[in-house]
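The residues making up each chain are set out below.
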Amino acid sequence: MTAVTGSTDLDQLRPTGDRYPTRVSGTPAFIDRAEPTVWADRASAGMFGAQELDAHARDGFVQVPDLLTADEVAGYRRELDRLATDPAVRADERCVVEKSSDEVRSIFEVHLISELIGRLVHDERVLSRARQILGSDVYVHQSRINYKPGFGGGGFYWHSDFETWHAEDGMPGPRAVSCSISLTDNHEYNGCLMIMPGSHRTFVSCVGETPADNHLSSLTEQEIGTPDPESISKLSDRHGIAMMTGAAGGATFFDSNCMHGSGNNITPYPRSNIFLVFNSVENACLAPYSAPAPRPEHIGARDFSPVR
Ligand code: 6CS
Ligand code: FE
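Residues numbered from 1 in each chain as written. Chains lettered and ligands numbered in written order. Predicted model: local features only at pLDDT ≥ 70, side-chain atom pairs only at ≥ 80, totals over all residues. Heavy atoms only, no water.

Under the annotation held in an unreviewed UniProt entry, the protein chain carries the name Ectoine hydroxylase and is attributed to Pseudonocardia nematodicida. According to the UniProt record, the Cofactor (unreviewed entry) comment for the protein chain is "Fe(2+)". Regarding the protein chain, the UniProt comment filed under Function (unreviewed entry) reads as follows: "Involved in the biosynthesis of 5-hydroxyectoine, called compatible solute, which helps organisms to survive extreme osmotic stress by acting as a highly soluble organic osmolyte. Catalyzes the 2-oxoglutarate-dependent selective hydroxylation of L-ectoine to yield (4S,5S)-5-hydroxyectoine." (UniProt positions renumbered as here; feature names shortened; annotations may be inferred.)

In structure tokens form, the structure reads like this:
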């Protein structure tokens, strides 16, 4: 699979037909998901058992306690601290700081910046599970650390990742999965990930056109691409809200179209997670469906080489 670069290539990739129109109409809509959630058959090779794959298909997420050992967690915590205090990293455009402080909020493309974190992408505990869910070779669409520091780490308002990746990165369908690995204990009170179970089966279109360079503000505080309150209320009334709590070292795999978010963290205890986003090579990104230009490659990858 070749990388797509430059405007001429993207013109050739202009998508034909859009199953999930968003940010184009003045009224929001609920669109039923056309694609499966788990693409491989239940017996496919990998570390998920059949019951876990069934749970993922039903809820849109599945938790894997103790994916990393305590020693590995300690090593990754040291790496996160090193990255957050490295002046070169802080000066890099891939580093996003909090709105309310100059604390690091996120570091994108962290699997290429950090050799240690890069190894996780190829680790069978992560890769085999992503391949089972997506039923194909996979590539990294995005990776990031969300630090969510104590004493004010900012939250992430309700959204569907796929809605953004479709509109702004040109992702055709919701055949992508995120693996969130907790490097600190995730509690209800320090801004853990919240997911509406089953919401991945409904695409909620958003109102409001995508401005140029939207990512320069959306990664700090997302506005465009967040659903209206009535749509969020309808979904939460229908599905409820599950809290992804768990000890450091645990992981949550969640479908690209889950309605999810997380609150601010005013406690002294950081909620620092690594997010690895895998997309099927059969779902490689085209031109954006609803944005003036593609986002930078460190946010939406254009190298579709499969992870081995
Ligand atoms: O825009 C994005 O790709 C990022 N924004 C959010 C709120 N979640 C997914 C991703 O990190
Ligand atoms: Fe998200």
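What follows continues from the structure just given.
A. How the structure looks around the site of ligand 1. The environment of ligand 1 is made up of Gln-142, Arg-144, His-159, Asp-161, Thr-164, Trp-165, Leu-219, Gln-222 and Arg-295. Here a nitrogen atom of ligand 1 sits 3.0 Å away from a polar atom, N or O, in the side chain of Asp-161. A distance of 2.9 Å is found between an oxygen atom of ligand 1 and a side-chain nitrogen or oxygen belonging to Trp-165. Those elements that place two or more of their residues in the shell around ligand 1 are strand 5 (138-146) and helix 8 (161-169). With three residues, the single largest contributor to the shell around ligand 1 is helix 8. (Near = heavy atom within 4 Å. Polar contact = N/O pair within 3.5 Å; in protein donor to acceptor, adjacent residues only side chain to side chain. Helix = DSSP H or I, 4+ residues; strand = E, 2+ residues; numbered from the N terminus.)

B. View of helix 7 (residues 124-134). Burial analysis of helix 7 places eight of its 11 residues in the buried class, which makes it a mostly covered element. All of the buried residues along helix 7 are Val-126, Leu-127, Ser-128, Arg-129, Ala-130, Gln-132, Ile-133 and Leu-134. The first or second residue beyond helix 7 is Gly-135, which carries a positive phi of 65°. (Buried < 20%, exposed > 50% of the residue type's maximum accessible area, 1.4 Å probe, protein only.)

C. How the structure looks around the packing of aromatic side chains. Overall, the coordinates contain seven aromatic pairs when judged by the stated rule. Relative to Phe-203, the ring of Tyr-20 lies with its centre 5.0 Å away and its plane at 50°, an arrangement referred to as tilted. With Tyr-20 in the loop between helix 1 (6-12) and strand 1 (30-32) and Phe-203 in strand 9 (residues 202-204), the pair connects residues that are 183 residues apart, well separated along the chain. Between Phe-48 and Phe-253 the ring centres are 5.2 Å apart and the planes differ by 75°, which places this aromatic pair in the edge-to-face class. Of this pair, Phe-48 sits in the loop between strand 1 and helix 2 (50-59) while Phe-253 sits in strand 11 (residues 251-255); the two residues are 205 residues apart in sequence, bridging distant segments of the chain. We classify Phe-253 as buried; its relative accessible area is 0%. A network of ring pairs unites the aromatic residues Tyr-20, Phe-162 and Phe-203 as a single cluster. The ring of Phe-156 has Arg-105 lying over it, and the distance from NZ or CZ to the ring centre is 3.9 Å. The aromatic ring of Phe-48 is capped on one face by Arg-129, whose charged end is 5.3 Å from the ring centroid. (Phe/Tyr/Trp six-rings, centres within 6.5 Å; stacked < 30°, edge-to-face > 60°. Lys NZ or Arg CZ within 6 Å of the ring centre and 35° of its normal.)

D. Quick peek at unusual backbone geometry. Notably, Phe-151 is not glycine yet its phi reads approximately 55°, a positive angle. Here Phe-151 shows up in the loop between strand 5 and strand 6 (156-160). The exposure class of Phe-151 is exposed, given its relative accessible area of 66%. Its identity is not glycine, yet Asp-213 carries a phi of approximately 55°, on the positive side. Summarising the element assignment, Asp-213 is placed in the loop between strand 9 and helix 9 (215-218).

E. View of the coordination of the iron ion (ligand 2). Coordination of the iron ion (ligand 2) by the protein comes from His-159 (NE2), Asp-161 (OD) and His-260 (NE2), over a distance range of 2.1 to 2.3 Å. Around the iron ion (ligand 2) sit four donor atoms; with metal-centred angles ranging over 81 to 173°, the donor geometry is irregular. All donor residues of the iron ion (ligand 2) come from one chain, and their arrangement in sequence is H-x1-D-x98-H. (Donors = N, O, S within 2.8 Å, 3.2 Å for Na, K, Ca; no water. Tetrahedral: all angles 85-135°; square planar, octahedral: opposite > 155°, others 65-115°.)

F. Local environment of the state of the cysteines. One pass over the structure, following the stated rule, counts zero disulfides. A disulfide-free cysteine, Cys-206 has its sulfur positioned 15 Å from the sulfur of Cys-258, the nearest such atom. (Disulfide = S-S within 2.5 Å.)

G. Representation of the side chain of Arg-23 within the structure. Along the chain, the position of Arg-23 falls in the loop between helix 1 and strand 1. Side chain to side chain, Arg-23 and Glu-163 meet in a polar contact 2.8 Å long. With residues near it in sequence (within four places) discarded, Arg-23 still touches Glu-163, Thr-164, Ala-167, Glu-168, Cys-206, Gly-208, Glu-209, Thr-210, Asn-214, Ile-224, Gly-225 and Ser-290. (Contact = heavy atoms within 4.5 Å.)

H. Structural context of the sheet that holds strand 12 (residues 259-262). Read across the sheet, four strands follow the order 6-12-8-10 without closing on themselves; strand pairing throughout is antiparallel. Edge strands, defined here as strands with exactly one partner in the open sheet, are strand 6 and strand 10 (242-243). Inspection of the sheet shows strand 6 paired to strand 12 by three bridges, in the antiparallel sense. Paired with Phe-156 across the bridge in strand 12 is Ser-262. Relative to strand 6, helix 8 is tilted by about 70°, and along the sheet it contacts strand 6 and strand 12. (Pairing = 2+ DSSP bridges. Axes fitted to C-alpha atoms, helices over the stretch in contact; angles between N-to-C directions.)

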